[in-house]
Structures are given as C-alpha cells and as structure tokens.
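# Results of the structural survey
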Amino acid sequence: MTPQGARRPPFWRRYLRLVRDDVRGDVDEELAFHLDMRVERNIALGLSPDDARREALARFGDVRDVRDQLVSHDQRHATKERRAEYFGDLVHDLRFGARSMRRSPGFAIAAILTLALGIGANAAMFSVVNAVVLQPLPYPQAERLVSLGMGSAGEYFALRDRLHTLDALAAWVSITHPVDDGTSAERLEGAAITANTLSLLGTRPASGRTFTAADEQPGAAPVVPISHALWQRKFGGARAGVIGRLIAIEGVPCEIVGIMPEGFAFPNSAAEYWQPYPVRIANAGITWAVTDKHIIGRLAHGTVTSTRARRGASRACISPNAIGANARDRCAIAIDESIRAVLSSVA
Amino acid sequence: MPSARDPGDLLQGTLAILILKALLLGPAHGYAISRWIEDATGDVLQIEDGSLYPALRRLEDRKLVTSEWGTSENNRRAKFYELTPAGRRYLHAEASIWIKYSKAVTRVLRTHPSIA
C-alpha cells in the first residue's frame, strides 16, 4: 500500500500473503538487482568479471548487515500494515452493513426485531425454566412436595383422610394485615397456614419454635413465627428479648414464638409472618368455604414417583362415594400434572 | 574533502537530501539513484551503495517517498521509489537551509586571510 493511502491494494494481495511471506525474498531481489547492475556497468567500463564483482561489493559495503536491517524493518512494517488493513476491512464491513440497513430499513427493522424477540424470549424462557425446573425448591426432599391446586375445606378433608400416597397434607392462604409492634404499624403480607405446614415443608426455625398442634386448638393463645427480614427491620436483629414479645396483628396481640431462617420465602419472599389456620370440620363451611385454599402435600416414602403410577395410586385411594367427583378429578389432575406444574405454585 | 566511508550525522542528512533531489526527476530504483548521485557529485561524495537502502526506508517511514515494484529498463523486477508531495516540500525547505548555511560558511572562509 502506498503510504499516502491514496489507493487500496488490489484485493488479491492479501491472499498472496497466505501463500508466502515475501519480505525476505523482496529484500534479496532488490539488493541483487543493484549489485548485478553495478557489475554489468563495471564490465562495460572494462573490468574483468571477477574485478567487476569485487568492486561492486566493495562499493556496496556490508551486504549482510544491510540485508538484515532491511528485512527486520520490512517485517515490522508488514505486521503494522496487516493490522491496519484488518481494521480497515472491519470498518469497511461495518460501513457496508450500515449502508445496506439504511437502504432497506424495513428489512433491517424486521431483522433486528426478530433477533431482539428471539433473544428476549430465550432469556425470559430461561429465567422461568431456571426457577421452576433447574433450581430445586429450598426444602429438604423437595422432589416429594406436590401441590394439589386450590381446594375447598371439604376437598381438603377428603384428600387428607383418604389419599394415602401422601405423608401429610397442609393448606394455606396469603393474608395482608396491619402489624403493630407498639411503635409503628404497617400492612404486611403473611400467610395463614395449617399448623403442620412448616413441618411438612421441613424448614426449621432459626430460633424459637413454629406451631404445635396445641396452637390450633380453640382458645389457644395466638402465636406467630416471623421472618428473618421482619426481625431485622423491627428489632434490629437483636438476639435477646424478641421471642416472647407481643405484636398486634389485626389488633390481636400475638406472641412471637420463633424466627424463620434467612431466605425462607413461603409462599413467596413478601411473606413476613405466619398465623395458624385452624381447620375444623365444625366450621369448614363457614371459614373455609368462602375462598379456596392452596393445598400442598408431601408424598409418602415408598410412594412410586412416576407420574403414571401415581395417577393409579390416587385413583385407587379415592372412593367416588366418599367425596365429590370434583375432588377426585382434582386429585387425579394435580398429581397427574407432575411435580413441575405443581411446584411453581408453591415457589 | 568529506570522507564517504564514515556515515556520520552530517552524511545521513546529506544523503536524504541527495536522494530526494535524485527523485525530483521522477521515480527511480535504488541503483539509478546511486548512479545519479555519483554523476551529480562527480563521485566526490563516495557514498557506500549499501547505505542508500536503509536511508530509503527511513524516508519511506517519514512518508517522504513511496515505493512500488515495477520493471526496470532491462526488464527485471525492481523496486521504484517516488517522491511524495510531502517529500517535495521537505526537499525545498532543507535545500534553502543548506544553501544559506553553505553560503555563510563560504563567506566566513573567504574573509581575509582567505583560505578558499
């Protein structure tokens, strides 16, 4: 390439470099031409060929030294030029791309949108799959947890008593109540859960306790385990004096009996306290029939884990006479739909 | 008489100007430049032929000359050197300095008692 850059070298020049490194050869050729010309002239001036050659070399100086100087110079130069050419081509390609996009903006927009949608959909899909499928639920033996969807109190009882493929069955519902610690009050999300929910999940409190069956009994003093976040926020993470304190939930003083571990997020990370939800046949129709509750279970050990076998098991355990057809269907469907669908509603 | 066999700073600067002057006539290969310098100086400045080529590379790096492969008068592949516009400007600037300088030195040497 000319140093002025006035002309781009012909396109095939760069392929020549793939064939041979021509720096050394070019230098030799240039110097040989010079010496040959000098020898010819000396002969023309009347010297013998030997003398002509000797004179030419003497006049030239140290041929080897000059040759080495030129070769190293030209190699440096060639490297630099190749790099410049590479970036030049890159810029050229980018310009060409920009020009063609400008020429057909419709196509360009379609292509960009296609790429953007593709990438976006992939990212969205991955985050869902990652959360639902790839990341296991943070509970012991999470693969045995199943959701049976929403159900009424009647369904809950029917399933609890007759679905022997489950070790335990629990029900919960999200709640939002004003919580007053004596100095400030705010509306906080929590969950009303059957007393066995936390033990079904398998999470132990970081300190204190969760519920016992006694907490469900009528007339029992109201107790509440709180989240790690609520403990940090309301009590500054104080070690002493938190267990046993009273906070008012919906105006009812409740004793804090335990603090759940950091990261415990049931049914989601917004939940900051858990209240016992007594389930009794006596008030099933009143308390529970209003809205359906989430029903979750833990599969019994030794329960076949394949979907097909589980379906058979659930069918067998439910007598159509004992519970409504609706409950049977739900049971079959929920367990049918395998753990994936299921766990997303628990997560 | 300046000796050609010791390439000092003076010689290098001189050589650059001689080369650029040789190329003022048009593109030429190294041998032609060397022959032109010989003839033009009456072979007074006996410059080693070999020193010409590193000097040409330096001029090329400074973008004062460009080179291109071509065919010599006897049909051989030879590298031809050509003056760039920048090289032309550089030559003119350097030449006027040289002329002023040598005039001044000559005048000094001619003052009484003259030795030149």
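Residues numbered from 1 in each chain as written. Chains lettered and ligands numbered in written order. Predicted model: local features only at pLDDT ≥ 70, side-chain atom pairs only at ≥ 80, totals over all residues. Heavy atoms only, no water.

### A closer look at the overall build of chain A
Operational definition: The secondary structure listing takes helices from DSSP runs of H or I that are at least 4 residues long and strands from runs of E that are at least 2 residues long, numbered from the N terminus. For the exposure calls, accessible area comes from a 1.4 Å probe over protein chains only, and a residue counts as buried if that area is under 20% of its type's maximum, exposed if over 50%, partly exposed in between. We call two residues in contact when some of their heavy atoms are within 4.5 Å. Residue burial considers only the protein chains on display, and all accessible areas are found by Shrake-Rupley using a 1.4 Å probe.
Secondary structure summary: chain A contains 12 helices and 9 strands in total. Here chain A holds 347 residues, and the buried ones make up 37% of them. A fraction of 71% describes how many contacts in chain A between residues 6 or more apart in sequence connect residues 24 or more apart. When the accessible area of chain A is evaluated, it comes to approximately 19,600 Å², of which 58% is carbon and sulfur surface.

### Section: the pairing of strand β2 (residues 166-180) of chain A
All names here are of chain A. Counted only if it meets this: Note: two strands are recorded as paired if DSSP finds a minimum of 2 bridges between them.
Summarising the sheet, β2 and strand β9 (residues 293-299) pair through 6 bridges and their orientation is antiparallel. Its bridge partner lying in β9, A168 is registered against R298. As defined by bridge partners, β2 adjoins strand β3 (residues 185-193) across 9 bridges and the pair is classed as antiparallel. Directly across from W172, in β3, lies its bridge partner I193. Counted between consecutive antiparallel strands, the loop separating β2 from β3 contains 4 residues, among which G182 sits at a positive phi close to 100°. The pairing of β2 with strand β6 (residues 246-249) spans 2 bridges and is classified as antiparallel. By the bridge assignment, D180 is partnered in β6 with A248.

### Comments concerning the interface of chain A and chain B
How we decide: Buried area: the accessible area, evaluated with a 1.4 Å probe, that two parts lose upon being put together, summed over both parts. Here a salt bridge means any side-chain nitrogen of Lys or Arg lying within 4 Å of a carboxyl oxygen belonging to Asp or Glu. Each residue is assigned to one of three groups, with Ala, Val, Leu, Ile, Met, Phe, Trp, Tyr, Cys and Pro labelled nonpolar, Asp, Glu, Lys and Arg labelled charged, and all others, Gly among them, labelled polar.
With 26 residues of chain A at the contact, the number on the chain B side is 33 residues. In total, chain A and chain B occlude about 2,600 Å² of area from one another, counting both sides; carbon and sulfur atoms represent 49% of this. Along the contact surface separating chain A from chain B lie 8 salt bridges. Residue B:R57 is joined to A:E30 by a salt bridge in which the shortest nitrogen-to-oxygen separation is 3.3 Å. Elements with a minimum of two residues in the side of chain A that touches chain B: α2 (23-44), α3 (49-60) and α4 (63-103) of chain A. Sorting elements by how many residues they give to the side of chain A that touches chain B places α2(A) first, with 13 residues. Here the residues of the side of chain A that touches chain B are counted per class, giving 10 nonpolar, 6 polar and 10 charged.

### A look at the pattern of salt bridges
As a working rule, side chains carrying opposite charge can pair if their charged atoms are close by. For the coordinates displayed, the defined rule picks out 18 salt bridges over all chains. Taking the shortest distance from any N to any O, the salt bridge between A:R54 and A:D51 comes out at 2.9 Å. Linking A:R54 with A:D51, this pair stays in helix α3, spanning 3 residues, or about one helical turn. Taking relative accessible area as the criterion, A:R54 reaches 53% and is therefore assigned exposed. A salt bridge links A:R233 to A:E272; the nearest nitrogen and oxygen atoms lie 2.8 Å apart. Separated by 39 residues along the polypeptide, A:R233 in helix α8 (residues 228-235) and A:E272 in the loop between β7 (252-259) and β8 (274-276) bring together distant segments of the chain. One network of salt bridges, with partners in common, ties together A:R38, A:E55, A:R59, B:R35, B:E38, B:D39 and B:D49.

### Structural notes on the nonpolar core
Just so we agree on the cut-off: As used here, the term nonpolar core means buried Ala, Val, Leu, Ile, Met, Phe, Trp, Tyr and Cys residues forming a set that is joined through side-chain atoms within 4.5 Å.
Membership of the largest hydrophobic core comes to 34 residues, with the highest contact counts inside it found for B:I19, B:L23, B:I33, B:I37, B:L52 and B:Y53. Those elements that provide at least two residues to this core are α2, α3 and α4 of chain A together with α1 (9-23), α2 (30-40), α3 (49-61) and β3 (77-83) of chain B. The element best represented in this core is α1(B), accounting for 8 residues. Setting aside its immediate chain neighbours within four residues, B:I37 contacts B:L15, B:L18, B:I19, B:I47 and B:L52. Within the second largest apolar cluster, 21 residues are counted, among which are A:L137, A:A191, A:A271 and A:I296.

### Some thoughts on the pairing of strand β1 (residues 145-151) of chain A
Residues and elements named next belong to chain A. Within β1, 5 of the 7 residues are buried, leaving the element largely enclosed by the surrounding structure. The pairing of β1 with β9 spans 5 bridges and is antiparallel. Considered in β9, the bridge of V146 is made with G297.

### A few points about the confidence of the model for chain A
Atomic detail in the predicted coordinates should be set aside for any region of low pLDDT. Residue and element names in this part refer to chain A. Definition in use: One number per residue, pLDDT, summarises how confident the predictor is, and it ranges from 0 to 100.
Taken residue by residue, chain A gives an average pLDDT of 78. The fraction at 70 or more is 77%. Per-element mean pLDDT across chain A ranges from 39 in helix α11 (residues 325-336) up to 93 in α3. Note on residues 1-6: pLDDT is under 50 here. Beyond four places in sequence and across chains, it has 11 contacts. Predicted confidence for residues 306-347 stays below pLDDT 50, and this span has 61 contacts to residues more than four positions away or in other chains.

### What about α3(B)?
Counted residue by residue, α3(B) has 10 buried out of 13 residues, so it is predominantly covered. One or two positions beyond α3(B), positive phi appears at B:K63, with a value near 60°.

### A few points about the packing of aromatic side chains
Put simply, the test is: Side-chain rings of Phe, Tyr and Trp (the six-membered ring for Trp) are treated as a pair once their centres are within 6.5 Å; stacked means planes under 30 degrees apart, edge-to-face means over 60, and tilted covers the remaining angles. Two conditions define a charge located above a ring, namely a distance within 6 Å from the ring centre to NZ of Lys or CZ of Arg, and an angle within 35 degrees of the ring normal.
Within the structure shown, the criterion is met by 6 aromatic pairs over all chains. Ring geometry for B:W98 and B:Y101: centres 6.2 Å apart, planes at 80°, overall edge-to-face. Placement of the pair is B:W98 and B:Y101 together in helix α4 (residues 85-110), with a separation of 3 residues, close to one helical turn. The class for B:W98 is partly exposed, based on a relative accessible area of 34%. B:Y101 gets classed as exposed once you look at its relative accessible area, which sits at 53%. Chaining the aromatic ring pairs together yields one cluster made of A:Y139, A:F264 and A:W274. It is B:R77 that lies over the ring of B:W69; its NZ or CZ is 3.9 Å from the centre.

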